[in-house]
Amino acid sequence: MAHTLVIVESPTKAKTIRGFLPKGFKVEASMGHVRDLPNNASEIPASAKGQKWANLGVNTDADFEPLYVVPKDKKKTVRELKDALKGADQLLLATDEDREGESISWHLLQLLAPKVPVKRMVFHEITKEAIGKALDQTRDLDMELVHAQETRRILDRLVGYTLSPLLWKKVAWGLSAGRVQSVAVRLLVQRERARRAFRSGSYWDLKAQLEQSGSAFEAKLTHVGGQRIATGNDFDESTGGLKAGSAVRLLSESEAKALAESVRTSAWTVDAVEEKPTVRKPVPPFTTSTLQQEANRKLRLSARETMRCAQGLYERGFITYMRTDSVHLSDQAINASRNCVESLYGKEYLSKGPRQFSTKARNAQEAHEAIRPSGESFRTPGETGLDGRDLAVYELIWKRTVASQMAEARLTMLSVDLSSGEASFRASGKRIDFPGFFRAYVEGSDDPDAALEGQEVLLPALSVGDAPEPKTVEPLGHQTQPPARFSEASLVKMLEKEGIGRPSTYASIIGTIVDRGYATLLGNALTPSFTAFAVTALLEEHFPELVDTSFTARMENTLDEISHGKVQWLPYLEGFFKGDEGLENQVQQREGDIDPGASRTIDLEGLSSVVRIGRFGAYLEAKRVSDDGEEELIKATLPREITPADLDEEQAELILKQKADGPEAIGEDPETGDLVYLLFGQYGPYVQRGQVSDENPKPKRASLPKGQKPEDLTLEDALGLLRLPRLLGEHPDGGRIQAGLGRFGPYVVWDKGKGEKDYRSLKGDDDVLAVGLSRALELLAMPKRGRGGRTALKDLGKPEGSDETIQVYDGPYGLYVKQGKVNASLPEGKGADDVTLEEAVELLAAKAASKKGGRKTAAKKPAAKKTAAKKPAAKKPAAKKPPATTKTGRLRASAVRVIKPADS
């Protein structure tokens, strides 16, 4: 029976859309991209092997023609889609409405080569009304979008695959460079350099607690003898002293204490009272960038986690499309928002008229509307049935959208100037006269010390001449703080401000930076590694334009102009890559000038030793004169927890001294008579009982728990760690309970016998050396969570012949299945509800096999491994001319040749 085939990206999206389509429609999922440039040498087709451009995957000698391949894990999907097309009388390509989605549709068109009519079906939300409208308003494939995506993909491949091999040779194997990635890494490094160059300054002031008519309030010292006192902004970050020409008074500790004593017993007078009315307008609804920023600030979600969660909400019909730079709201959305405001808060909380916002982003995305709840009427968070992270993100979007149509908040800013002797103080407050949109939403801040705008700070009724009574006057010492490291939110904000990259790619960029070891997430801060310092220094010296923010922003604008037909793609790529000034020639010329030894060396100011990048990470190197007068070279591994900004001479000397002289004992174990040592390794400080010898090749060792400072470690603490695991007692149901310290931190374990063990991680307040049986039983009674505190999304059951359950988890890199110690990622587009037990078994088996094979190959043939990682494959498209429309033909005529597009 004839049917209309609809192809979307994911099974979740397919499942939602099926409910809104009439009979005679069949919906299938492509599972994301079905074709791309090859990722390794094994994917390069035989026809292209041996070609000098094959490892690029782009034929730079033939108008930059890309060679596309269908990855092994997508061949089955393509076969299934071809089968589904048989018997269809129409094909609707319903991938996402941006460049990426347009590109996926074009690749599907090339691979499936349909003989039936083909139309493009686009929608901004997955609701019955939106799907019905999309069916009535299908269009042809937009080849300008396809072309724009492909040009971007080619440019990114040219940069990445030309510079990355250079980094392998000059810095370390496995590193990568990228058009946007390397600029983002440089931003992190520049901030870390600023932290290292920072010199702290100290200053004192006073804080007074006063009372007027029974009401307490706080005031801070501003002037002494008519002269303003110094604050943190008055200090030079490079010297730690006051900025040149600063006409401020710097109080010492003794002066502050003397002044505090004086004003405690002096009369206080109110000199001035000021009330200043002001209004606050609601912020626009979310774009991709602002959603990532706010979810990071308020929910502590990474950009990847936010986008994955938003993708799921969109595909299940809860929100509109989540890749957009637009803050525009449709009339439908404005009406739905205003209805929510009126029903939940009342008419007085509505803005005077519908409020519309304009987009200010440099690089506008194709989606036409902001991220908002879907539909003609918005479901409140409580009506969705969502929970956990999904509910939190939906609630954020719902509140921000509804607040955009609410009345302005009316506030009165309060300021009171007081004096006591020669000291002047100021008390500041804020009265909320009408909360307006504050009732629904207050935007978060990148400054952790900044109070939320919606909080009220009241002052008592004060008039000029009043004499409040001082209760306490406290001298406070301050140290100026170095520039804060970037959080994901502040980095996304900076990238968008500078016009670097696209918000839809920020999640993958930050993920790559962390995956490649260029940065680690410590708390919520992105801390660059020593490797990031080395790579950035090399690129700054030899390829400065590629890591220059303004150059990258101009490149981004040019790519957008190409998409609008204002700039021709081929001349641009030719100029960027070829010729005397092109990237290809520049790399070839400069490769011989780059000294690998110098590239692997990081010379940090204030260190007598140097930091180098080696096969196993960063290490210190210094020359020392031995006891016999001979000069020797000492190398010592740097613990991973030491950051570039925090490595000082004292730390470096301690690590080098320990390496040269051997460890210094902190005491003796009374039970064995062995000396106990505090040592520093690649993974941080640890304690060791005894020294390595022929009789004792593996002395007992134990890492210090997180938060334990080496300088505070006592012999008793060290002995306690070395005696772990310790027995806590018997479980009521049989078996022993122990406390120990493992790879993922401190834990308690219930040993049930016969190899069956049940583990739980200790919480923040638990001490592995002091936790008792009752607390252990309490922890063991809690639901088991995966690594990183993750709870299983779905339990698939136990495969036949196995005692271990397979579960689905959501990790920092996507959904995965887990059985025992084996994890396997789900294919792109596969949701937790879509995977079956049988599929999970296949994925886990393949992962286990690849691990064994990978280790064996790496050990025997390192060269082959290197080649495989270096060479991307290439394959000519099946058809020279896509069976699209005359629009495609016109594009080919004007652009000489349309490249076969794909982007990642």
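Scoring rules and cut-offs
- Each residue is numbered by its place in its chain's sequence as written, counting from 1.
- Residues qualify for local features only when their pLDDT is at least 70, as the model is predicted, and side-chain atom pairs are given and counted only at 80 or more; totals for whole chains, interfaces and linings, by contrast, use all residues.
- No hydrogens and no water enter the side-chain calculation; it runs on all heavy atoms of the structure.
- Going along the chain from the N terminus, every DSSP run of H or I of four or more residues is numbered as a helix, and every run of E of two or more is numbered as a strand.
- Partly exposed describes any residue whose relative accessible area lies between the buried limit of under 20% and the exposed limit of over 50%, with all areas from a 1.4 Å probe on protein chains only and scaled to the type maximum.
- Any pair of residues with heavy atoms lying within 4.5 Å of one another is described as a contacting pair.
- Accessibility throughout is a Shrake-Rupley quantity obtained with a 1.4 Å probe, and a residue counts as covered only by protein chains that appear here.
- By the counting rule applied here, Lys and Arg register as positive and Asp and Glu as negative, while His and the ends of each chain are not counted.
- For this purpose, a charge sits on NZ of Lys, CZ of Arg, CG of Asp or CD of Glu.
- Multiplying 1.5 Å by the residue count of a helix minus one yields the expected span of that helix.
- Only buried Ala, Val, Leu, Ile, Met, Phe, Trp, Tyr and Cys residues count toward a nonpolar core, and they belong to the same one when joined by side-chain atoms within 4.5 Å.
- When DSSP finds two or more bridges between two strands, those strands count as paired.
- Each axis is a line fitted through C-alpha atoms, taken for helices only over the stretch in contact, and angles between the N-to-C directions span 0 to 180 degrees.
- Angles are sorted into four bins: roughly parallel if under 35 degrees, roughly antiparallel if over 145, roughly perpendicular if 65 to 115, and oblique for all others.
- Asp, Glu, Lys and Arg are counted as charged, while Ala, Val, Leu, Ile, Met, Phe, Trp, Tyr, Cys and Pro are counted as nonpolar; the rest, among them Gly, fall into the polar class.
- Only Phe, Tyr and Trp rings take part, Trp by its six-membered ring, and two of them pair if their centres are within 6.5 Å. Stacked means planes under 30 degrees apart, edge-to-face means over 60, and tilted covers everything else.
- Two conditions define a charge sitting above a ring: the NZ of Lys or the CZ of Arg must be within 6 Å of the ring centre, and it must be within 35 degrees of the ring normal.
- The predictor rates its confidence in each residue with pLDDT, a number between 0 and 100.

A. Just the overall build of the protein chain, in detail. In terms of helices and strands, the protein chain carries 24 helices and 31 strands. Relative to its 904 residues, the protein chain shows a buried fraction of 49%. Summarising the internal contacts of the protein chain: among those between residues at least 6 apart in sequence, 67% fall at separations of at least 24. If you sum the accessible surface of the protein chain, you get close to 43,500 Å²; carbon and sulfur atoms cover 48% of it. Across the protein chain, 131 positive and 129 negative side-chain charges occur, with their mean positions spaced 7 Å apart.

B. Focus on helix α11 (residues 388-403). Taking 1.5 Å as the rise per residue, α11 with 16 residues should run 22 Å; its terminal C-alpha atoms sit 23 Å apart, in good agreement. Within α11 the residues assigned to the buried category are Val-393, Tyr-394, Leu-396, Ile-397, Trp-398, Arg-400, Thr-401, Val-402 and Ala-403. Buried residues along α11 sit in contact with α8 (288-299), α9 (303-315) and α10 (331-344).

C. How the structure looks around the nonpolar core. One finds Leu-163, Ile-319, Val-611 and Leu-647 to be the most contacted residues of the largest nonpolar core, which totals 133 residues. For Val-611, the residues in contact, after removing those within four places along its chain, are Phe-530, Arg-600, Thr-601, Ile-602, Leu-604, Ala-618, Tyr-619, Leu-620, Leu-638 and Leu-647. Core analysis: the next-biggest nonpolar cluster, separate from the first, contains 25 residues, Trp-204, Leu-251, Ala-256 and Ala-427 among them.

D. Just the environment of Leu-313, in detail. In this fold, Leu-313 is placed in helix α9. Between the alpha carbons of Leu-313 and Leu-386 there is a distance of 9.5 Å; along the sequence they are 73 residues apart. Excluding residues that lie within four positions of it along the chain, Leu-313 makes contacts with Phe-318, Ile-319, Leu-386, Asp-390, Val-393 and Tyr-394.

E. Region of the structure containing the pairing of strand β11 (residues 409-420). Buried residues dominate β11, accounting for nine of its 12 residues. Here 11 bridges tie strand β10 (residues 269-280) to β11, and the two strands are oriented antiparallel to one another. The partner of Val-270 across the bridge, within β11, is Leu-418. Pairing of β11 with strand β12 (residues 423-434), which is carried by 11 bridges, proceeds in the antiparallel orientation. Bridging across to β12, Thr-412 finds its partner in Arg-431.

F. Up close: the packing of helix α2 (residues 72-85) against helix α3 (residues 99-112). The contact between α2 and α3 brings their axes to 11 Å, and the two run at 70 degrees. One way to sum up the angle between α2 and α3 is to call them roughly perpendicular. Together, Val-78, Leu-81, Lys-82 and Leu-85 of α2 and Leu-108, Leu-111 and Leu-112 of α3 make up the contact between the two elements. A breakdown of the residues in the contact of α2 with α3 according to their chemical character gives six nonpolar, no polar and one charged.

G. Representation of the sheet that holds strand β1 (residues 3-8) in the model. One open sheet holds the four strands; their spatial order is β2-β1-β5-β6, and the pairing between them is parallel. Each edge of the open sheet is held by one strand with a lone partner, namely β2 (25-29) and β6 (118-120). With strand direction ignored, the average angle separating the axes of adjacent strands in the sheet is 25 degrees. Sheet topology places β1 next to β2; five bridges connect them, and they run parallel. By the bridge assignment for β2, Ile-7 is matched with Glu-28. Strands in contact with α3 are β1, β5 (88-93) and β6; relative to β6, the strand with the most contacts, it is inclined by about 170 degrees.

H. Highlighting the packing of aromatic side chains. One pass over the full model with this rule turns up 12 aromatic pairs. A ring pair is formed by Phe-286 and Tyr-441, whose centres lie 6.4 Å apart and whose planes are at 90 degrees; its orientation type is edge-to-face. One end of the pair, Phe-286, is in the loop between β10 and α8; the other, Tyr-441, is in the loop between β12 and β13 (469-479), and 155 residues separate them in sequence. Exposure remark for Tyr-441: the relative accessible area of 3% places this residue in the buried category. Here Lys-298 stacks its cationic end above the ring of Tyr-441, 4.2 Å away from the centre of that ring.

I. Structural view of the confidence of the model for the protein chain. When pLDDT is averaged across the protein chain, the result is 86; 90% of the residues are at 70 or more. Taken together, the stretch residues 362-366 has pLDDT below 50 and engages in 23 contacts with residues farther than four places along the chain or on a different chain. Below pLDDT 50 for its whole length, residues 854-904 participates in 133 contacts with residues either more than four positions away or in separate chains.

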